[in-house]
Amino acid sequence: MNKMIKGSLAVAHEAFDDGTEVRVRPQAGGTDARPVVSVHDLAMRYGDDEPVIEGVSLEVREGEVVSLVGPSGSGKSTILRAISGLHAPLSGKVDLGIPATEMGFLFQDDALLPWRTARDNVALGLRLHGKPVGGARQEAGEWMARLGLKGFELRYPRQLSGGQRKRVALAQVLALKPRLLLMDEPFASLDAIVRHRVTQDLLDWVEREGIAVLLVTHDLEEAQALSDVVNLLSQGPRARISHRYPVEIPRPRDLIGVRGHPTFAPLLQRIWKDLSVEVEEATANR
Amino acid sequence: MSALFDKTWARQALALAALLILWEGLGRAGLIDPFYAPPPSAIALALYELFADGSIWPHLTATLSAALAGLGFGLLLGAVLGFGAAMVRPVADIIEPVMILLNAIPRVILAPLFIIWFGIGLGSKVAVSLVLVAVLIFFAVYSGIREVDVRLVERVRTLGGGRMTLLREVYIPSVTAWILGNLKVAVGFAFTGAVVGEFVASSRGLGYLLSFAQSTYNAALTIALIVIIMGFVLILFGLAGRIERRLLHWRYA
């Protein structure tokens, strides 16, 4: 077990290791929870273009699910790229409260190494985190079973369906026991039923393990259903966070039940309205 | 019979047989001059004589060794230069224009120069063959690396992979796919280089025999030699295909 895990997260992990299904999770967004990542006054641009985002600050605390929504081209994904280190900021800074190795990134597409079997794709991350090949393979197999991929270990990515590939990508990231999960519209390409099932599985896991999540999506319902805080970005370029909505729905949540919560519909309406205003203003100013 | 006829190879074999019979028939009927187009039976006889008295073997060995050595070293050189150019910008600045020039010219024009440099022995044949193959493989590797799937690179980086991991897990496998895709063309190039080199100046080899047959207006021997070269290239194509399927099993699985 990972000895670096501290505080309330360790409780959640140990509970799982014992096989007992105790839903222990740190107080999401509570004042005592430490931030796993803080972004200060971030600006990013590609090449010599106008900055896509400017003056963006946000924080994700231990065990908190935070989402970024906004019009397309508002630079939502760019923020994730800055945090993960794939792209250097133009100005501002990103402070990680955890080692970079405890951060996982789930991408929009399901690009896996085509020349590696599903299991070896999952094992790759474990090997890069210092596990010997044999142990990494075995652990990868266990993760695949946990995600409903038993029997598909030796398939190559092109022999898997879109939903299965997504689950492999998920196993690849979750196997590294991330304390912060960055997700860039991870399930956008899946059909509605598969998407619902994969999302629910992930939500259960995140809640059980107390993983902090920063989710980029343009599905406002999904954002609200999963998050503790929804951030709305304005229309880019030079997009910033214009609104911040706390979501007061208790956990554990289930994706269907959450929609019946009395605060769900009113908040959804508010976000929609604010989003429309942002887009209209941007169009008027152009 | 009709089931057999459904197979592509059966139809192709049938068409070939029909052509050979027609050719033979026209020759015997005196409608084609055997001096220019000797009938298949005469070609078969020439082929038989080449193997029966064993006179073909030193020539076959010479051409095969030149082609295989050119193929091997050409693959190696092309891959090393391609990797170097793709990884180190200044290397690319120097090598790329040279390769573009070499790619644009018919590279066999270098054969006379190589014969002056390396003599009429095996060396000059290997050199021609090598240049033909190396330029092809250089571009396969160079573009293979530059067009590598960025998503895979980012994926491995976010999983904690560094430069060496990227090389091992992403670059080498994707470049291998590019090289293998060009392997059959490379085999053809290797033989072209060897035979053309022998054609220009040599004391043995299939190219040398061809040049001899041509100078004595022996059409049957000329065609027999062409058949032999075709046969060998087909065998190597088959081998290349097997290697490709083996190394790229993830693509065919």
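Residues numbered from 1 in each chain as written. Chains lettered and ligands numbered in written order. Predicted model: local features only at pLDDT ≥ 70, side-chain atom pairs only at ≥ 80, totals over all residues.

Colleague: Describe in detail the overall build of chain B, supporting the description with residues and values.
Modeller: When you go through chain B residue by residue, the secondary structure sums to 13 helices and 0 strands. Along the chain direction, N to C, the helices and strands of chain B fall in the order α-α-α-α-α-α-α-α-α-α-α-α-α. Expressed as lengths along the three principal axes of its C-alpha atoms, the size of chain B is roughly 75 × 55 × 30 Å. Per-residue burial for chain B yields a buried fraction of 33% across its 253 residues. Long-range pairs, those at least 24 residues apart, make up 73% of the contacts in chain B with a sequence separation of at least 6. (Helix = DSSP H or I, 4+ residues; strand = E, 2+ residues; numbered from the N terminus. Buried ≥ 20, exposed ≤ 12 C-beta atoms within 10 Å, placed from the backbone. Contact = placed C-beta atoms within 7 Å.)

Colleague: Please set out the sheet that holds strand β3 (residues 65–69) of chain A residue by residue, giving values where relevant.
Modeller: Residue and element names in this part refer to chain A. Read from one edge to the other, the open sheet built from 6 strands follows the order β5-β6-β7-β3-β8-β9, with strand pairing classed as mixed. Edge strands, defined here as strands with exactly one partner in the open sheet, are β5 (103–106) and β9 (241–246). If you compare each strand with its neighbour and ignore which way they point, the axes differ by 15° on average. Here 5 bridges tie strand β8 (residues 229–233) to β9, and the two strands are oriented antiparallel to one another. Directly across from Leu 232, in β9, lies its bridge partner His 243. Of the strands in this sheet, β5 and β6 (180–184) touch helix α5 (residues 162–174), which is tilted by about 170° from β5. (Pairing = 2+ DSSP bridges. Axes fitted to C-alpha atoms, helices over the stretch in contact; angles between N-to-C directions.)

Colleague: Give me the environment of Trp 115 of chain A: which residues, what numbers.
Modeller: Turning to its location among the elements, Trp 115 of chain A is positioned in the loop between β5 and α3 (118–128). Look at Trp 115 of chain A and you get buried, because 21 C-beta atoms sit within 10 Å. As for Trp 115 of chain A and Tyr 156 of chain A, which are separated by 41 residues in sequence, their C-alpha atoms are 7.1 Å apart. Excluding residues within four positions of it along the chain, Trp 115 of chain A makes contact with Pro 173 and Trp 250 of chain B.

Colleague: Which residues make up helix α2 (residues 76–84) of chain A, and what values do they have?
Modeller: Residue and element names in this part refer to chain A. With 8 of 9 residues buried, α2 lies mostly within the body of the structure. Within α2, the full set of buried residues consists of Lys 76, Thr 78, Ile 79, Leu 80, Arg 81, Ala 82, Ile 83 and Ser 84. Within two residues after α2, Gly 85 carries a phi angle of roughly 85°, on the positive side.

Colleague: Explain the domain arrangement of chain A residue by residue, including any values.
Modeller: Residue and element names in this part refer to chain A. Taken domain by domain, chain A comprises domain 1 (7–98 + 181–285) and domain 2 (115–178). If you average the C-alpha positions of domain 1 and of domain 2, the two centres end up 25 Å apart. In this assembly, 10 residues from domain 1 lie in contact with 9 residues from domain 2. Sorting elements by how many residues they give to the side of domain 1 that touches domain 2 places helix α6 (residues 192–209) first, with 5 residues. Here the side of domain 1 that touches domain 2 is built from residues that sort into 8 nonpolar, 1 polar and 1 charged. (Domains from an automatic or database assignment. Nonpolar A, V, L, I, M, F, W, Y, C, P; charged D, E, K, R; others polar.)

Colleague: Run through the interface of chain A and chain B, naming residues and quoting values.
Modeller: Contacts between the two partners involve 17 residues from chain A and, on the opposite side, 15 residues from chain B. At 3 residues, α3 of chain A tops the list of elements feeding residues into the side of chain A that touches chain B.

Colleague: Requested: an account of the nonpolar core, with residues and values cited.
Modeller: Ranked by internal contacts, the top residues of the largest apolar core, which has 128 residues, are Ala 171 and Val 213 of chain A together with Val 133, Ile 137, Val 141, Ala 186 and Ala 190 of chain B. With 16 residues, helix α7 (residues 122–146) of chain B is the single largest residue contributor to this core. Taken domain by domain, this core gets at least three of its residues from each of domain 1 (7–98 + 181–285) and domain 2 (115–178) of chain A. With near-sequence residues (within four places) excluded, Ala 186 of chain B lies in contact with Leu 71, Gly 74, Leu 75, Val 133, Leu 136 and Ile 137 of chain B. (Core = buried A, V, L, I, M, F, W, Y, C linked by C-beta atoms within 7 Å.)

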